[in-house]
Amino acid sequence: MTNLVVVWNGTGAAYQLRQSWSTSIPESKVGEVVTGSTVDGDVRDPHARPVPRKHPSYWLSGAVALVIAGLVVYSLATNEKLQWPVFAQYLFSAPILQGLWVTIQLSVVSQVIALVIGCVLALLGESKNPVFRAFVKGYVGFFRGLPLLVLLLICFNAALFIPRLGWGDFSWDTNTLISGFTAAIIGLSLHEGAFMVEIIRAGFMSVPPGQREAAQSLGMKRGLTMRAIVIPQAIRVIIPPTGNQFISLLKASSLVAVIGGGDLLTRAQQIYGSNFKVIPLLLVVSFWYLAIVTLATFGQHFLEKKYSLSAGPQKKQTKPRLEEASA
Amino acid sequence: MTQKQPLVTIRNVVKRFGEVEVLKGIDLDVMEGEVLCLIGPSGSGKSTLLRCVNYLERADDGYIKVDADYAGAVVRGGQLHEASEGEIASYRQRVGMVFQHFNLFLHLTALENVSIGLQKVRRLTKSDATECARTALADVGLAHLEHSYPRHLSGGQQQRVAIARALAMEPKLMLFDEPTSALDPELVGEVLTVMRRVAERGMTMIVVTHEMRFARDVANRVAFMDQGKVVEVGPAKQLLDTPSSERTKSFLTRVE
Ligand SMILES: Nc1ncnc2c1ncn2[C@@H]1O[C@H](COP(=O)(O)OP(=O)(O)O)[C@@H](O)[C@H]1O
Ligand SMILES: [Mg+2]
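So, here is what we can say about the structure in this document. Computed from a prediction, not measured in an experiment: that's the story for all the values here.

### Some remarks on the overall build of chain B
Regarding its fold elements, chain B presents nine helices and twelve strands. For 256 residues, the compact-globule estimate of 2.2 N^0.38 gives 18 Å, and the C-alpha radius of gyration of chain B, at 18 Å, lies within 12% of that figure. Within chain B, the proportion of its 256 residues that are buried is 56%. Long-range pairs, those at least 24 residues apart, make up 65% of the contacts in chain B between residues at least 6 apart in sequence. Approximately 10,900 Å² of chain B is accessible, and the part contributed by carbon and sulfur atoms is 46%. Within chain B, the 33 negative side-chain charges are centred at a point lying 2 Å from the centre of the 32 positive side-chain charges.

Structure, rendered in structure tokens:
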């Protein structure tokens with residue numbers, strides 16, 4: 001048998017436990033203990049629960065959106081100027097796929113180098129040595145301040161102010177060493193590195209100072225403290241913005257087209273430079289950028305999930321809030 | 001408990017943060033096997049003094065000696081010189097510290113929290129370190145929670161893991177900075193019980209605490225600090241029951 005108490009809620013309406021929500025109940029019934037069920041016009045079943053509300057507006061707006069999307073797709077698909085057959089012809093053509101591969105290489109290699117630059121400089125930035133700290137500040141200030149396009153042009157034209165690289169017998173002509181591709185890698189890495197320094201430093205700073213103090217009090221030196229305590233905890237703070245950086249690097253790498261970096265956009269430009277089919281080739285380029293960015297976004301979500309709960313691999317799932325057996 | 005040599009010698013320790021002098025010349029001795037409780041109002045410099053003993057803060061003047069070693073300094077040619085990083089680390093190995101907010105390593109299980117120092121600092125093999133860590137955890141009554149992460153442990157359990165972590169390094173001296181202040185009242189007892197046992201085994205301890213019953217029952221001596229100075233030191237019961245200084249008296253009436 002269920003006893004239900006009609007509770008006065010101060011406004012004339014009253015709630016009944018496990019009964020219909022917010023029904024009006026005569027004041028005379030308020031405070032009364034009722035057995036089984038109750039007031040006229042009310043639910044009799046003590047296990048009743050509210051039926052979820054319908055949302056016709058969701059369906060309506062969905063339908064409108066579908067119609068609009070259909071119209072857009074239709075008008076794009078039937079637009080002669082977009083030359084879809086040309087799009088299809090070039091989508092998987094050899095030069096485009098080569099360019100795509102170069103774009104991926106440029107981005108991945110630059111990101112890896114940037115990660116190394118970021119780690120090394122972030123650690124130097126933690127150093128007690130004021131010269132190191134000043135160097136890190138200078139690096140970040142310089143390469144974050146310089147527009148990427150300008151930096152790429154400078155790297156590409158390095159031969160104009162550094163004709164030879166190396167010393168004495170071990171030196172080479174800069175122009176033969178630095179192709180468009182290597183200039184692109186150098187420029188992208190230096191630029192991206194400046195952002196990675198800041199991201200990694202923010203990661204280090206996110207670890208509470210008590211963690212380092214506890215490590216030091218056990219007799220850990222600074223290097224070990226970083227490796228064993230700070231970095232494993234900082235990783236989960238570092239990963240999401242690094243993913244974002246990589247995605248913007250993927251897109252920013254298209255700037256290397258100005259120095260003939262051989263990337264996706266360079267190849268497309270070379271093709272439409274000779275056949276003037278500008279729009280379909282830009283569509284091909286857009287398609288591939290969207291595809292790789294989408295892929296990278298999935299990768300980012302995966303990494304974020306993996307590192308969100310505990311830093312480092314979670315070996316055993318622990319039961320939440322274990323209570324002690326013995327008092 | 002027989003008391004022998006002073007294990008800890010604190011001489012004229014001065015610490016400034018900017019213009020503010022937080023420690024104004026502290027002198028204290030702690031005998032081997034002795035438990036010294038530090039009491040005093042908030043902001044009087046108790047934590048700063050403990051942090052100087054562990055060289056988490058560097059004293060601006062004076063020196064601190066634990067057994068044969070100086071905090072953050074070494075003797076060369078009859079003169080104290082600033083110690084190297086390695087010398088500081090090996091000094092800290094011999095001084096255990098327990099923090100108010102536990103400071104367990106959040107990415108490691110209870111067992112790993114205890115074993116990491118054994119493995120990476122004392123360089124035991126992984127299996128030896130794990131075995132020692134198990135013993136240390138069992139000692140504080142937490143053997144069954146060795147795979148739990150700190151976020152799944154109560155405050156009292158976390159603090160006991162922290163004590164086990166410090167003890168596992170086999171220090172000569174243990175420092176406790178308000179180890180029960182961040183705990184819910186019903187969890188204070190389990191931590192104090194563990195600390196009592198550590199004291200009974202003859203560990204030399206400096207304990208900053210507001211638990212006057214613990215001080216009375218466990219401490220050999222109590223030191224009262226106020227405004228960066230040790231106002232008075234004495235046998236626990238004597239200082240707590242019949243303090244000689246007015247400041248100590250008024251502090252004790254406020255906390256009790
Ligand atoms: N890192 C710091 N920088 C500046 N002032 C500090 C720092 N640490 C402690 N202090 C100051 O030193 C004084 C003593 O602090 P503390 O040793 O924590 O006192 P207690 O532990 O007795 O409460 C306080 O006034 C505090 O504000
Ligand atoms: Mg304090």
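### A closer look at a positive patch on the surface
The grouping of A:Lys221, A:Arg227, B:Lys120, B:Arg123 and B:Lys126 at the surface amounts to a positive patch. On the secondary structure map, B:Lys120 appears in helix H3 (residues 110-120).

### Focus: the packing of aromatic side chains
Residues and elements named next belong to chain A. Per the stated rule, a full pass over the model turns up eight aromatic pairs over all chains. Ring geometry for Phe87 versus Phe287: centroids 6.3 Å apart, planes at 85°, classification edge-to-face. Placement of the pair is Phe87 in helix H2 (residues 84-91) and Phe287 in helix H11 (residues 278-308), with a sequence separation of 200 residues. Using a relative accessible area of 13% as the deciding quantity, one classes Phe87 as buried. When the centroid spacing of 4.7 Å and the interplanar angle of 45° are considered together, the rings of Tyr139 and Phe143 count as tilted. Of this pair, Tyr139 and Phe143 both sit in helix H4 (residues 130-145), four residues apart, which is roughly one turn of the helix. Grouping residues by exposure puts Tyr139 and Phe143 together as buried.

Definitions and limits used
- Residues numbered from 1 in each chain as written.
- Chains lettered and ligands numbered in written order.
- Predicted model: local features only at pLDDT ≥ 70, side-chain atom pairs only at ≥ 80, totals over all residues.
- Heavy atoms only, no water.
- Helix = DSSP H or I, 4+ residues; strand = E, 2+ residues; numbered from the N terminus.
- Rg over C-alpha atoms; globule rule 2.2 N^0.38 Å.
- Buried < 20%, exposed > 50% of the residue type's maximum accessible area, 1.4 Å probe, protein only.
- Contact = heavy atoms within 4.5 Å.
- Areas by Shrake-Rupley, 256 points an atom, 1.4 Å probe, with all protein chains shown as cover.
- Lys, Arg positive; Asp, Glu negative; His and termini not counted.
- Charge placed at Lys NZ, Arg CZ, Asp CG, Glu CD.
- Patch = residues over 30% accessible without salt bridge, like charges linked within 9 Å, V, L, I, M, F, W, Y side chains within 5 Å.
- Salt bridge = Lys/Arg side-chain N within 4 Å of Asp/Glu carboxyl O.
- Phe/Tyr/Trp six-rings, centres within 6.5 Å; stacked < 30°, edge-to-face > 60°.

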